[in-house]
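# Structure assessment
Here are the chains, one letter per residue:
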Amino acid sequence: MEVRDLHVEYRIGKRRVEILKGVSFSFPKKGLFAVYGPSGSGKSTLLAVLSGYLRAKSGKVIEDGKDLLRLSRRGRERRLRTRVGIIRQGFDLLEGKSVFYNAALPLFLLGWGKRKALEAVRPLLEKEGLLPSLEKKAGLLSGGEKARLALVRALVKDPETILADEPTGNLDGNNAALAMSLLKECSKERLVILVSHDEQLSRPYVDGHIRLYDGVVVEADLPVDTSKEVRKMKGKRWNFRPSRLRDFLLEEFWKGKGKMALSSAASCLSALLFVFSAAFEEGAEISIKEESRLSLSYLSFSYSIVEAIEGNGPVSLTRSRRPSKEEEEELLLLEEDVQVVPSLSYYLPSRYPVEVNGFPFDEVELVPIGSFSYLNDPIWSGRVIGEIPTGNPLSYCVVNKEFASLVKGIPQGAKVMIEREIHLEEGDLTEDFSLGLEFFIAATIDEFSFLSTPRLYYSYAALAGYLKNVEFKTMAGNPYSHVEESSDASPVSSYSSLVFAESPEGAEELYAESKALEGHSLTSEAMASAESFAELSSSFILLIEPFFLILLLGTGFVMASLAYSSFLSRKRDFAILSSLGARHGDLLALYLIPVFLSSLLGALLALCPASFYLSLGRSYFLEATKMPLLAPELPLTSIIFGLLIFAILPLVGLIVPYFRGSFRNLHEELNRE
């Protein structure tokens, strides 16, 4: 190993301090050699450069014809795993792991299995007298035993070079002498470089030395290496099998179980919100549409023509009038499955007081429908309370649950009376008569809950037929023909017509296409309510999306914090692994996998039984709003998308330590010690 004009500097705050200042020397391929010098002279820094995990500012370190300073990160890691054994002053053992695990750790980093590693480690442990302590925790060993275990760990991969940094610094006299004897024996087959402050102890053992002072070589007593042999890496060392660090990973799980549980809880909470947000976004529109179609008024429209009287200025005056025959036919061209009739609201207004079984009630909504045949549609299964009406349609009516609540229960058979005084004028003729309608309630409808006012549905066709048969004393004709023949100026004539669709599909198609007709106004209370509710649900989704994003970011922050906390608590262990040549990717995996799996576990707990959670949510909304509002289940694509989010989210935890350089400078943790 040859060192040429080596310069190394550290950044301390804004200052750069040069530690090694043009160091040059050369070691033979075998032997025990010491680096002496006072504290701060650069001994440990030199060893860190020779090991490969500290970069120099300039210079060269030539080993077997290659400049170590020009190796890539992967090349340096591979060299540490295969060609270099390191013994540090504090021995850098994994205190919570067994003697066997510490000794076999370099082999695990090479991808060896436990059984094969045990066969390789057993002879070395037996030679050093550590075999009886095979399963003993390294933290319980004496200082001499730790020194021997550190030596076994350095030798187990049969390296060409051993770098020992103050290996006797923490030992008493007898153990220090024993450690030096072991290093001397090892140097018979390989190069051993020793950094020591105890020159008196090491002098009898070393084959040569260099002395550093203030970053400069002030003395060198080294033999000349006449060997021209260039050693090549043994093929078995250059393997690319993954590291066997499963035990370390399991311990990481066990020690951090509280953090992992918190990370899973955060992930589960966010995933649940994802489930309900996605289900609400998909299910609300469907629920509203399905519920609104169950209202009988869904098939009824008010149809009028809106004309502008004055269009100048900030205010535009308009008027509404009944459509002409030509305009009605224009509407019918859009959808054949509808009927247009004149409005009879003059005779039976949309809101009017009624009597039920002789008891008066305030105004309720009187809603005309084309016929009651809609109640025979299979879609109404389970939504009609009572028997579906048959017989004379003018003798019965259908009410909603809000109307039923007025009479304290399900009012099948209750009698509804509507008394209406009518006054007609035509020229000099006047007519006053009473319109008395009597219904019995045949059924109650559980309909769209947004239409929460008391409603009574009656047959328009039956009422029109009834009015045709009303007898007049002074006026020719009858009220119904009066409506059809009267001009817009007549009080009998309504400003609108009625449109009855024969199916929900026909009503929806007509409502959608009529918007393209200029001046035509087609209104439906049920559809307007459904649109309002749909807009309200969309607004709610827009309202919760920022909170969902905040919660998602908060979950990412929690996971990042827990991951970084886990990294800090195990940073020394990671530094030891790094000094032994652990791959960068292995360290990242040890750091991220626990948080990744806990996040994924939380997401699985929320996303996989999503149907169960959604059934609970649908029951709650059904109780609170009379509509389920949530989709019965999430599509598989949404579940996969959610799992991907919560699989990627823990990677946020990589940002802080990675970009702060914590992984690149793990060796500084050991240097500070």
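Let me begin by describing the structure that accompanies this report.

### Section: helix H1 (residues 43-51)
Every α-helix winds through 3.6 residues per turn, so residues three or four apart in the chain are directed the same way. Burial analysis of H1 places eight of its nine residues in the buried class, the great majority of the element. The positive-phi residue at the C-terminal boundary of H1 is Gly 52, with phi of around 110°.

### Digging into the side chain of Arg 420
Mapped onto the elements, Arg 420 comes out in strand E18 (residues 415-426). Comment: no salt bridge for buried Arg 420; closest opposite-charge side chain is Glu 421, at 8.8 Å. A polar side-chain atom of Arg 420 sits 3.2 Å from the main-chain carbonyl oxygen of Tyr 347. Discounting chain neighbours no more than four positions away, the residues touching Arg 420 are Tyr 346, Tyr 347, Pro 349, Tyr 352, Phe 433, Ser 434 and Leu 435.

### Side note on the pairing of strand E4 (residues 58-63)
Pairing between E4 and strand E5 (residues 66-67): two bridges, direction antiparallel. Paired with Ile 62 across the two strands is Asp 67, which belongs to E5. Two successive antiparallel strands, E4 and E5, enclose a turn made up of two residues, where Asp 64 displays a positive phi of approximately 50°.

### Quick notes on unusual backbone geometry
The phi dihedral of Asp 5 falls on the positive side, at around 45°, and the residue is not glycine. Positive phi, close to 55°, is recorded for Asp 158, a residue that is not glycine. Counting through the fold element by element, Asp 158 comes out in the loop between helix H5 (143-155) and strand E7 (161-165).

### Remarks on the sheet that holds E7
Pairing is mixed in the open sheet, where six strands are placed in the order E6-E7-E8-E3-E9-E10. Strands with a single pairing partner mark the edges of an open sheet, and in this sheet they are strand E6 (84-87) and strand E10 (216-221). Neighbour-to-neighbour, the strand axes of this sheet turn through a mean angle of 15°, independent of strand direction. Contacting E6 and E7, H5 crosses the sheet at an angle of about 165° to E6.

### Focus: the pattern of salt bridges
Using the criterion set out here, one finds 25 salt bridges in the structure. For Asp 214, the salt bridge is made with Lys 21, and the minimal N-O distance between the two is 3.4 Å. In this pair, Asp 214 sits in the loop between strand E9 (208-213) and E10 while Lys 21 sits in strand E2 (residues 15-26), placing the two residues 193 residues apart along the sequence. Ionic pairing is found between Lys 184 and Asp 207, a salt bridge with its closest N-O pair at 2.7 Å. One end of the pair, Lys 184, is in helix H6 (residues 173-186); the other, Asp 207, is in the loop between helix H7 (199-202) and E9, with 23 residues separating them in the sequence. Through salt bridges with shared partners, a single network forms among Arg 351, Glu 363, Glu 365, Arg 455 and Glu 525.

### A closer look at the packing of helix H9 (residues 257-293) against helix H19 (residues 636-648)
The description of two helices packed together rests on the angle between their axes and the distance between the axes. Relative to each other, H9 and H19 sit at 150°, their axes nearing to 11 Å. It follows from the interaxial angle that H9 and H19 lie roughly antiparallel. For the pair H9 and H19, the sense of crossing is right-handed. Residue-level contacts link Ser 267, Ser 270, Ala 271 and Phe 274 of H9 to Ser 638, Phe 641, Gly 642 and Phe 646 of H19. Residue composition of the contact of H9 with H19, by class: four nonpolar, four polar and no charged.

Calculation criteria
Residues numbered from 1 in each chain as written. Predicted model: local features only at pLDDT ≥ 70, side-chain atom pairs only at ≥ 80, totals over all residues. Heavy atoms only, no water. Buried < 20%, exposed > 50% of the residue type's maximum accessible area, 1.4 Å probe, protein only. Helix = DSSP H or I, 4+ residues; strand = E, 2+ residues; numbered from the N terminus. Lys, Arg positive; Asp, Glu negative; His and termini not counted. Salt bridge = Lys/Arg side-chain N within 4 Å of Asp/Glu carboxyl O. Polar contact = N/O pair within 3.5 Å; in protein donor to acceptor, adjacent residues only side chain to side chain. Contact = heavy atoms within 4.5 Å. Pairing = 2+ DSSP bridges. Axes fitted to C-alpha atoms, helices over the stretch in contact; angles between N-to-C directions. Parallel < 35°, antiparallel > 145°, perpendicular 65-115°, else oblique. Left-handed = near helix turned anticlockwise from the far one by under 90°. Nonpolar A, V, L, I, M, F, W, Y, C, P; charged D, E, K, R; others polar.

So far we have only geometry, and geometry alone does not tell us how the molecule works.
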